[in-house]
Amino acid sequence: MMYFSMIRRAALLFSLTFCLTSGAWAHGEKNRGLTADDKALNQVGFDQKLDTNLPMGLEFRDESGKRVQLRQYFGEKPVIIMMIYYRCALLCPLGADMLLDSLKQLKFSIGKEFNVVTVSIDPKETPQDAADSKAGYIQKYGRAGAENGWHFLTGQHEAIDELANAIGFRYAYVKKTGEYAHPDGIVVVTPEGKIARYFYRLEYPPRDVQFGLMEATRNRIGSPLSYLALSCFHYDPQTGKYNFSVMKALRVFSLFFVVAVMGTVGIAVWREKRGRSRGNQAVIGVPPESAAKI
């Protein structure tokens with residue numbers, strides 16, 4: 001599995017390099033200038049818009065062809081949003097598979113602790129394209145109930161663009177190849193529809209994704225031990241990763257030290273009071289053993 005993942009990542013990096021080389025070469029030809037496709041490629045990127053509220057009234061069609069609004073997937077659980085297109089031959093499937101590999105390692109399950117919304121950036125794609133893609137990923141994921149929490153949407157150009165702009169997802173259609181150039185990445189959104197975390201550069205570490213989901217719910221999912229671990233890490237918006245923070249770890253250790261000392265003192269005081277109480281009962285002629293049974 002590890003070698004297979006490495007091969008997929010190498011193939012993806014090679015494809016990205018190949019796709020971008022032509023644009024970079026044309027950019028370097030000063031005498032010829034930039035083509036329309038080169039200009040489009042230069043616009044591709046991912047801008048972080050943390051704490052931004054998504055336009056919840058946007059309309060799409062789900063994999064069954066039913067008209068839906070974005071708000072239908074929010075309210076109770078955090079949501080992972082991924083923008084790709086279903087007919088993509090290489091980049092999108094590989095990126096989505098890497099996300100799938102990460103999600104399969106989480107203790108949290110799609111449809112239970114969080115939802116996933118995959119949105120096509122190609123307005124020509126149909127609900128059937130979305131249904132075919134969903135069937136494949138649900139089967140690969142292999143957990144009961146995921147079909148109710150992982151949604152695959154298609155939509156009109158205007159709705160796609162508005163959602164992409166809201167999350168900072170800059171993509172472009174390349175006429176020469178008939179394909180879409182776009183960044184890779186996912187966005188974690190709170191149940192209320194506010195952007196919480198970004199993960200990109202084809203890296204979705206299970207620990208980081210789990211931390212992002214936990215933070216998005218404000219301590220409503222995850223175990224106490226998980227939140228203890230999270231309290232020692234710091235999210236870096238530049239890298240989209242959680243890094244170990246010495247200062248946070250020291251604060252947690254200090255807190256536990258104070259709690260331990262207070263607990264020790266509390267137990268000592270309680271034992272002292274209990275001893276005095278038994279001594280007083282013995283003085284007035286009531287055996288401590290009898291008092292304990294009363």
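That block above? That's the structure.
The structure contained in this document is the topic of the report that follows. Owing to the predicted nature of the structure, the values given are computational and were not obtained by experimental measurement.

Calculation notes
- Sequence order as written defines the numbering, with residues in each chain counted from 1.
- Restriction of local features to residues with pLDDT of at least 70 applies here, the model being predicted, together with a cutoff of 80 or more for giving and counting side-chain atom pairs; totals for whole chains, interfaces and linings are based on all residues.
- Note that the side-chain values use all heavy atoms of the structure and ignore hydrogens as well as water.
- Nine residue types can take part in a nonpolar core, namely buried Ala, Val, Leu, Ile, Met, Phe, Trp, Tyr and Cys, and a core is a set of them joined through side-chain atoms within 4.5 Å.
- A 1.4 Å probe rolled over the protein chains alone gives each residue an accessible area, and that area as a share of the maximum for its type sets the label: buried under 20%, exposed over 50%, partly exposed in between.
- Only heavy atoms matter for contacts: two residues are in contact if any of them lie within 4.5 Å across the pair.
- Pairing between strands is defined by DSSP: at least two bridges between the two strands are required.
- The numbering of helices and of strands both runs from the N terminus, where a helix is a DSSP run of H or I of at least 4 residues and a strand a run of E of at least 2.
- All axes here are fitted lines through C-alpha atoms, helices being fitted over the stretch that makes contact, and every angle between N-to-C directions spans 0 to 180 degrees.
- Note on terminology: angles under 35 degrees are roughly parallel, angles over 145 are roughly antiparallel, angles of 65 to 115 are roughly perpendicular, and the others are oblique.
- The handedness criterion is simple: a crossing whose near helix is rotated anticlockwise from the far helix by less than a right angle is left-handed, and one whose near helix is rotated clockwise is right-handed.
- Just so you know the grouping, Ala, Val, Leu, Ile, Met, Phe, Trp, Tyr, Cys and Pro go in nonpolar, Asp, Glu, Lys and Arg go in charged, and all remaining residues, Gly too, go in polar.
- Whenever a pair of cysteine sulfur atoms sits within 2.5 Å, that pair is classed as a disulfide.

### What about the nonpolar core?
Formed by 65 residues in total, the largest nonpolar core has its most connected members in Leu54, Met83, Leu103 and Ile167. Apart from residues lying up to four places away in sequence, Met83 is in contact with Val119, Ile121, Ile160, Leu163, Ala164, Ile167, Phe169 and His182.

### A look at the sheet that holds strand β4 (residues 79-84)
The strands that make up a sheet pair up through hydrogen bonds in the backbone, lying either parallel or antiparallel. Ordered by their spatial adjacency, five strands build an open sheet running β6-β5-β4-β10-β11, and the pairing between neighbours is mixed. What marks the edges here is a single partner per strand, and that holds for β6 (150-153) and β11 (195-200). Put simply, the sheet's adjacent strands are angled 20 degrees from each other on average, direction ignored. Alignment of β4 against strand β10 (residues 185-189), held across three bridges, turns out to be antiparallel. Across the sheet, residue Ile80 finds its bridge partner in β10, namely Val188.

### Digging into unusual backbone geometry
Positive phi outside glycine occurs at Asp51, with the angle close to 70 degrees. Structurally, the position occupied by Asp51 is in the loop between β1 (45-46) and β2 (59-61).

### Digging into the packing of helix α3 (residues 91-104) against helix α4 (residues 127-141)
Here α3 crosses α4 at 30 degrees, and the two axes come no closer than 10 Å. Taken together, the axis directions place α3 and α4 in an arrangement best described as roughly parallel. Every pair of crossing elements has a handedness; the one defined by α3 and α4 is right-handed. Contacts between α3 and α4 involve Pro93, Ala96, Asp97, Leu100, Leu103 and Lys104 from the former and Tyr137, Lys140 and Tyr141 from the latter. Taken together, the residues of the contact of α3 with α4 break down into six nonpolar, no polar and three charged.

### Re the state of the cysteines
Overall, the coordinates contain zero disulfides when judged by the stated rule. For Cys88, which is in no disulfide, the shortest distance to another cysteine sulfur is to Cys92 and amounts to 3.3 Å. Using a relative accessible area of 10% as the deciding quantity, one classes Cys88 as buried. The buried category is assigned to Cys92, whose relative accessible area is 3%.

Note that all results are geometric; they support no functional claim without further evidence.
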